[in-house]
Amino acid sequence: MSGIFEAITATDNLTLLMKIGIIFLKIAVVLGIALLHVAYATYWERKVIGHMQVRLGPIEVGWHGFLQPIADGVKLFFKEDIIPANADKPLFYLAPVIFMVSALTSLSVLPFFDRFVIADINIGLLFLFAMSSLGAYGIILAGWASNSKYSFLGGLRSASQVISYEIAMGLSLVGVMMMAGSLNLSEIVRAQHQYPTGMFAIPQFLGFFVFITAAFAETNRLPFDLPEAESELVAGYFTEYSGFRFALFFLGEYTAMLIMSSIAALCFLGGWTIPKFITDAAPFLLNVPGIVWFLIKVYSFMFFYYWVRATLPRYRYDQLMAIGWKVLIPLALFNIVLTGTLRIMGVL
Amino acid sequence: MLPELFFGYYASAIVIFSLLVVTRSNPVHSIMWMLLLFFHIAGLYLFLNAEFIAAIQVIVYAGAILVLFLFVVLLLNLREELKVKKFIGSWPAGLFIAAALLVIILSVVKSFVPGPAGKYSIEFIKQETHTKALGTLLYTDYLFPFEIASLVLLVAIIGAIVLAKRKKGN
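In this text, all values refer to a predicted model and were calculated from it rather than measured experimentally. (Residues numbered from 1 in each chain as written. Chains lettered and ligands numbered in written order. Predicted model: local features only at pLDDT ≥ 70, side-chain atom pairs only at ≥ 80, totals over all residues. Heavy atoms only, no water.)

**Quick look at the packing of helix H6 (residues 149–180) of chain A against helix H8 (residues 205–218) of chain A**
Helix-helix packing: each pair is described by the crossing angle between the helix axes and the interaxial distance.
All names here are of chain A.
Here is step 1 of the chain: Their axes nearest at 8 Å, the elements H6 and H8 cross at an angle of 155 degrees. The angle between H6 and H8 falls in the class roughly antiparallel. Between H6 and H8 lies a crossing whose hand is left-handed. Packed against H6, whose contacting residues are Gln 161, Val 162, Tyr 165, Glu 166, Ala 168, Met 169, Ser 172 and Leu 173, the element H8 presents Gly 207, Val 210, Phe 211, Ala 214, Ala 217 and Glu 218 at the interface. (Axes fitted to C-alpha atoms, helices over the stretch in contact; angles between N-to-C directions. Helix = DSSP H or I, 4+ residues; strand = E, 2+ residues; numbered from the N terminus. Parallel < 35°, antiparallel > 145°, perpendicular 65-115°, else oblique. Left-handed = near helix turned anticlockwise from the far one by under 90°. Contact = heavy atoms within 4.5 Å.)

**Focus on the domain arrangement of chain A**
All names here are of chain A.
Here is step 1 of the chain: According to the domain assignment, chain A contains domain 1 (1–78) and domain 2 (82–345).
Here is step 2 of the chain: Its C-alpha centre places domain 1 at a distance of 18 Å from the equivalent point of domain 2.
Here is step 3 of the chain: Across the contact, 17 residues belong to domain 1 and 26 residues belong to domain 2.
Here is step 4 of the chain: For the pair domain 1 and domain 2, the summed buried surface comes to about 1900 Å²; carbon and sulfur atoms form 82% of the total.
Here is step 5 of the chain: The partner of Glu 45 in a salt bridge is Arg 221, with the nearest N and O atoms 2.6 Å apart.
Here is step 6 of the chain: Counting across the domain 1 and domain 2 interface gives 6 residue pairs in polar contact (both at pLDDT 80 or more). (Domains from an automatic or database assignment. Buried area = accessible area lost by both parts, 1.4 Å probe. Salt bridge = Lys/Arg side-chain N within 4 Å of Asp/Glu carboxyl O. Polar contact = N/O pair within 3.5 Å; in protein donor to acceptor, adjacent residues only side chain to side chain.)

**Structural notes on unusual backbone geometry**
Here is step 1 of the chain: One non-glycine residue, Asn220(A), lies in the positive phi region at around 55 degrees.
Here is step 2 of the chain: Positionally, Asn220(A) belongs in the loop between H8 and helix H9 (230–233).
Here is step 3 of the chain: A positive phi is found at Asn49(B), a non-glycine position, where the angle reads about 65 degrees.
Here is step 4 of the chain: Tracing the backbone through its elements, the reader meets Asn49(B) in the loop between helix H2 (27–47) and helix H3 (51–74).

Below is the structure:
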């Protein structure tokens, strides 16, 4: 924090202006690329699931439907904005904004490749948890402020689901924190590069399993998409939203998926690095920029999201709670004890 | 100058948000102001270079406790609550007690002296990172109080389970 004061009060104004300019440029680049990724994540999801179900997916707009996300965006932008009677207007307006902002703010601490991060803070991982818990407010408020029973039930379901799985997700990453000895995401990636296997997913396979499951529940995705179960709740917490406010929820959800994929890539799959034994065997791979490896990992995780959605049916609500509290949390706690013991013994 | 400005903003914002929390007639709105209040308190912690405490403040208070508040409030019947003009009739007495407390606090502010600078200076924290410094201290010098605190929390958890669990046959 005092670093900010030093930066702002520095006598050399030119470098200060340049610093601020660089930060703004970084924010613009990250936001632009992330939102483009979000738009095309929806396209790929429809394409991938379409082919898995022996359909074609979007095909009409542009080459192989490639302009579909843009057409959807334009459509949503010009749709009528409907607000239900007796809705709590200020909170109804606020809810999608909170949801979207909490997802976009998380982008600021993610290192996309070596030394490219908007804010390289020491508590990066905790910051991500804090922002993901803020996102829950958007969902609960949307459910309550809409003055609709479907929305309200969806909001309540989502709130309890997110709280339950947040614990499991936090605990699953404690193993990674212990292995890396840091909460800074860049430090975690560097620690993985130093580690013999090059990825924490191998020694931390239990933590990785818990993280993946909790990540699906945190982002309200199948098989845990009960908050927006369309067969019983129409669309859950955003039933009453239309036009651009609906688009904000939609974008926020896909941004949250991208962020979860990035956390998986950074904390378990080695981020922008690849294991040393691979680069030793094939040295020419060192010339590939780090962002390529990072994106490959993120895309694979996103593909996994789609794959699971096309494959698994939805869980019942009591099953969801039982998995969270009776399976994932004990597993994550066991993983922490195991990691700690092995670290003390010097095995890991 | 800048630190004073920052502190002044956070301090006045915290006071204003606290007032808004207790004066809103809609409990959900109160909770939203409280959320903003918690974020400002986290800002104050950041201001003190206590980044770990700031993050935990947001995760635990805003992310868990306040969501549970919201849960309880959402299950209330708000239509009746909103019609109540004043929740308490004896607000002049409360105002008097609050004013008296303010006078007492203001009168002792003069005798406030900053504590002696110890080992944990800002430079030390910056080098060690706040999380590491706090963790080391908590698990060595203050291990016993830390364990007592966790035991107290465990008792509360078990108590809650005992109260909430249905007896068989009922």
